[in-house]
Amino acid sequence: MKNAECKKCLNKFQQKDIYTIQQFQYRKIPTYKWSLNFFKKLEINEWDSFCEKCITEYAEKSKEGWDKLKA
Ligand SMILES: [Zn+2]
């Protein structure tokens, strides 16, 4: 049953396919603390659900933001 919804694209998908920004705590750069702050500005918190496509977009977007800051 597709009972989960992506906060960004509003697509429905299965609960087991949910991604959250919590997965970013496993990447070294940007730091998780920085990532949390970055997403806070976009009004996204650790409990928001996203599909794989959108979380990948956010991963790139946040990395770009970090690179810009550190350039
Ligand atoms: Zn999505």
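Residues numbered from 1 in each chain as written. Predicted model: local features only at pLDDT ≥ 70, side-chain atom pairs only at ≥ 80, totals over all residues.

Considerations on the overall build of the protein chain
Now for step 1: Counting secondary structure elements, the protein chain contains 2 helices and 2 strands.
Now for step 2: Residues classed as buried in the protein chain amount to 15% of the 71 residues present.
Now for step 3: Taking the intrachain contacts of the protein chain between residues at least 6 apart in sequence as the baseline, contacts between residues at least 24 apart amount to 70%. (Helix = DSSP H or I, 4+ residues; strand = E, 2+ residues; numbered from the N terminus. Buried ≥ 20, exposed ≤ 12 C-beta atoms within 10 Å, placed from the backbone. Contact = placed C-beta atoms within 7 Å.)

Side note on the environment of L10
Now for step 1: With respect to the helices and strands, L10 occurs in the loop between β1 (4-5) and β2 (12-13).
Now for step 2: In sequence terms L10 and N45 are 35 residues apart; their C-alpha atoms lie 16 Å from each other.

With respect to unusual backbone geometry
Now for step 1: The linkage connecting I29 with the following residue, P30, adopts the cis geometry, with an omega of -10 degrees.
Now for step 2: Of note in the backbone geometry, L10 takes a positive phi value of approximately 65 degrees without being a glycine.
Now for step 3: Its identity is not glycine, yet E43 carries a phi of approximately 60 degrees, on the positive side.
Now for step 4: By the secondary structure assignment, E43 is in the loop between α1 (32-41) and α2 (52-70).

So, the environment of W47
Now for step 1: For W47, the position within the fold is in the loop between α1 and α2.
Now for step 2: Its 9 C-beta neighbours within 10 Å are what place W47 among the exposed residues.
Now for step 3: As a C-alpha pair, W47 and Q22 span 25 residues in sequence and 8.0 Å in three-dimensional space.

Focus: the confidence of the model for the protein chain
Now for step 1: Mean pLDDT over the protein chain: 95, with 100% of residues reaching 70 or higher.
Now for step 2: When the elements of the protein chain are averaged for pLDDT, β2 gives the smallest value, 94, and α1 the largest, 97. (pLDDT = per-residue confidence, 0-100.)

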